[in-house]
Amino acid sequence: MKKLSILFFCSFPPPNTGQTIATKLLYHVLNEEHQIDVINIADKNRFKRKSGNFSLSIVIVLIKKIFELKKKLRRNKYDIVYVVYAPYLFSLLRDVAYARIIKYNASSKIIAHIHCGNYGDNFKSGLKKKLFAYLCNVTDKIIFLSPSLRHFDLPEEKIFFLTNMISDDVICSDAEIQTKLEIKKSESHFKIFFISNMIPEKGYADVLLAAEILRNKGVDNFSVHFIGGWPSVENKNIFLQQIKSLNLTKEIKVYDAINDRNIIKAYFLDADVFVLPTYYPVEAQPLSIIEAFNAATPVISTWHASIPDMINQEENGFLIDKQNPRAIADKITILLDKDKWHAMALNSRRSYLLTYQKSIIAPKLKNIFSADNS
C-alpha cells in the first residue's frame, strides 16, 4: 500500500467530545501506515456557549487557522486533507472557505467526516443550498457513521460508512467481563450511570426525575451517578439544588468531567445500566453507548439519531421516547430482574464484539484512505 501524506485539519481533544475522541482514534490508526500532519482547530470554549452561535473569538481563531492552512499547503504536498463538517450556517461558511483554500492551493483530495445527526437539514434553501452544493461537489469523499444519518443526495462513489470505535484504554478484556458478571450475580445494589457532557438536551434531568419515580415506587437499592463537564458552575448548582429539593441526596452522586479513560472504564464495568435519554440536535452515534456495550452494560436511550441502529429493543437495551422519565424508570425496573439483566449484559458485549471492535473498523478506515480509493 502506498504511504500517503495526510493533513488532519480538524479538532482534537480537549475538549473531550464524541468528535474529538473519534478523530484522535482515527489519527492513531492511520498513523501506523501513513505520514500524518495536524492542524488542531479545537474550540476550547465550546461548552461555554450555545452550539452554532457566532462569536468574535471564533472568527479570530478561523483567520489564524486559514493562514496556518495556507502555509502548510504551500510547504507540503498532501495526498489527502481530512476535515470534519458541522451543521450550522457559520460552520458551512467556514467549511466552504477551507475547501476553497485547499482546492485552490493544492491538488489534495478532501475527505470529510460527518459526526452529527442533522447534517444537511439546515442547508435546503437560498444561498445556503448553493454553498452546500458547492461543498459537496468539491469534497471527494464523505464518511457517515451510519446510513440513517445520510440526509441528502450524493454520488454513490463519494459515500462511505464507518462506525465509531473506542480507545484501547476503555476496552474490557473477556476476563474483566466474566468478573463483572460473577460480581453482579450476588450484588443487591443497582447502579445507574449517566456519562456525558452535562448539556440539558442530553437528558440528565430526565434521569433525575426517573430516580424520583423509582424511589416513589418503593425501589430503595439503587444509586445514580452523573459524570460529565458542566457549561458553568451555575448550571451545576441548579442541578444540585434540584437533587436536594427531591430529597435524593442519598441516591444521587454527581461528579465533574473525568478525562482519565481508565476511570471511565472502571465506571462502565461497575454500572448495571447506562442511561442516555438524549435529544441533542446534533447527536449522531454516541461513543458512550459503544463504551457501555464493551463493558457488558445494557443501555437505555432514545429513538434519536443513529441510536435505533445501535440498540436492539430488549436485547442489548431499550429505546424510549424523548423526555420520558417514567419510561426510563419502567425499563430500569425490568433490569432489576437478575436473569433479564444477565441476558442483556451478554448481548451488549456481543454487540460490541460483532460491530465496534477496532479489528473490524480499522481495515475499513484504511481502505477509505487507501491510494486506490483516493
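Values in this document were obtained by computation on a predicted structure and should not be read as measured data. Within each chain, residue numbers correspond to sequence positions counted from 1 in written order. Totals for whole chains, interfaces and linings use all residues, but because this is a predicted model, local features are given only for residues with pLDDT of at least 70 and pairs of side-chain atoms are given and counted only at 80 or more. To obtain the side-chain values, all non-hydrogen atoms of the structure were used and water was disregarded.

A. Expanded view of the overall build of the protein chain. Helix and strand assignments follow DSSP, with helices taken as H or I runs no shorter than four residues and strands as E runs no shorter than two, numbered in order from the N terminus. Looking only at helices and strands, the protein chain has 13 helices and 12 strands in total. Taken over the C-alpha trace, the protein chain has a radius of gyration of 22 Å; the compact-globule value for 374 residues is 21 Å, and the two agree within 12%. On the principal axes, the C-alpha backbone points of the protein chain span a range of 65 × 45 × 35 Å. Residues are treated as being in contact if the distance between any of their heavy atoms lies within 4.5 Å. Look at the contacts in the protein chain between residues 6 or more apart in sequence, and 75% of them connect residues 24 or more apart. Per element, the accessible surface of the protein chain, about 16,800 Å² overall, is 52% carbon and sulfur. When the 50 positive and 38 negative side-chain charges of the protein chain are each reduced to one mean point, those points stand 8 Å apart. A radius of gyration in this sense is built from C-alpha atoms; the matching globule rule multiplies 2.2 Å by the number of residues raised to 0.38. To measure how exposed things are, a 1.4 Å probe is used in the Shrake-Rupley method; for residues, cover is taken only from the protein chains shown. Counting rule for charge: Lys and Arg are taken as positive, Asp and Glu as negative, and neither His nor the chain ends is counted. Charge positions are represented by NZ for Lys, CZ for Arg, CG for Asp and CD for Glu.

B. View of the sheet that holds strand 9 (residues 252–255). One requirement defines pairing of two strands: DSSP has to find at least two bridges between them. The parallel open sheet is built from six strands, whose spatial order is 9-8-7-10-11-12. Two strands in the sheet have a free side with no partner beyond their single neighbour: strand 9 and strand 12 (317–320). For this sheet the average axis-to-axis angle between neighbouring strands, irrespective of direction, equals 20 degrees. Bridge count between strand 8 (residues 222–227) and strand 9: four bridges; the pairing is parallel. Bridging from a neighbouring strand, Val224 pairs with Ile252 of strand 9. Helix 8 (residues 261–270) rests against strand 7 (190–195), strand 8, strand 9 and strand 10 (273–276) of the sheet, and its axis sits at about 140 degrees to strand 7. Helix axes are fitted only over the stretch in contact, all axes being lines through C-alpha atoms; the angle between N-to-C directions runs from 0 to 180 degrees.

C. Inspection of the sheet that holds strand 3 (residues 80–85) at higher detail. On the basis of which strands lie adjacent, the open sheet formed by six strands has the order 2-1-3-4-5-6 and parallel pairing. For this open sheet the edge positions go to strand 2 (35–40) and strand 6 (159–161), each flanked by a neighbour on one side alone. Along the sheet, successive strands turn relative to each other by an average axial angle of 25 degrees, direction set aside. Here strand 5 (residues 141–144) pairs with strand 6 via three bridges, running parallel. Directly across from Phe144, in strand 6, lies its bridge partner Phe161. In this fold helix 1 (residues 18–30) packs onto strand 1 (5–10), strand 2, strand 3 and strand 4 (109–114), with an angle of close to 170 degrees to the strand it touches most, strand 1.

D. Layout of the environment of Phe226. If you trace the backbone, Phe226 turns up in strand 8. Under the scheme applied here, a residue whose accessible area is under 20% of the maximum for its type counts as buried, over 50% as exposed, and between as partly exposed, the area being computed with a 1.4 Å probe on protein chains only. Classification of Phe226 by relative accessible area gives buried; the value is 0%. Phe226 sits 30 residues away from Asp256 along the chain, and the two C-alpha atoms are 8.2 Å apart. Those residues in contact with Phe226 that sit more than four places away from it in its chain are Phe194, Met198, Tyr204, Val207, Leu208, Phe239, Ile252, Lys253, Val254 and Tyr255.

E. Inspection of the UniProt feature "domain: Glycosyl transferase family" (unreviewed entry) in the protein chain at higher detail. UniProt positions are given in the numbering used here, feature names are shortened, and annotations may be inferred rather than shown by experiment. Mapped onto this numbering, the UniProt entry gives "domain: Glycosyl transferase family" (unreviewed entry) at residues 184–340. In residues 184–340, the share of helix is 41% and the share of strand is 18%. The end C-alpha atoms are 12 Å apart.

F. Spotlight on the pattern of salt bridges. Whenever a carboxyl oxygen of Asp or Glu lies within 4 Å of a side-chain nitrogen of Lys or Arg, that contact is scored as a salt bridge. Within this structure, the stated rule accounts for 20 salt bridges. The partner of Lys2 in a salt bridge is Asp79, with the nearest N and O atoms 3.6 Å apart. Remark: Asp79 occurs in the loop between helix 2 (56–75) and strand 3 and Lys2 occurs in the segment before strand 1; sequence separation between them is 77 residues. Overall, Lys2 belongs to the partly exposed group, its relative accessible area being 47%. Using a relative accessible area of 25% as the deciding quantity, one classes Asp79 as partly exposed. The partner of Asp330 in a salt bridge is Lys217, with the nearest N and O atoms 3.5 Å apart. Here Lys217 lies in the loop between helix 6 (204–216) and strand 8 and Asp330 lies in helix 11 (residues 325–335), a separation of 113 residues in the sequence. Through salt bridges with shared partners, a single ionic network connects Lys184, Glu187, Lys191, Asp270 and Asp272.

G. Structural view of a positive patch on the surface. Here, patches come from residues exposed beyond 30% relative accessible area and free of salt bridges, joined within 9 Å for like charges and within 5 Å for nonpolar side chains (Val, Leu, Ile, Met, Phe, Trp, Tyr). A cluster of like positive charges, contributed by Lys70, Lys71, Arg74 and Arg75, occupies part of the molecular surface. Its location among the elements puts Arg74 in helix 2.

H. Here's a closer look at the environment of Tyr82. Along the polypeptide, Tyr82 turns up in strand 3. The contacts of Tyr82, once residues within four sequence positions are left out, are Ile6, Leu7, Phe8, Phe9, Cys10, Thr23, Leu26, Ile111, His113, His115 and Phe369. Contacts described as polar in this section are N or O atom pairs within 3.5 Å, which, within protein, must combine one atom able to donate a hydrogen with one able to accept it, while residues neighboring in sequence count only if both atoms come from side chains. In this structure the side chain of Tyr82 is engaged in a polar contact, spanning 2.7 Å, whose partner is the side chain of His113.

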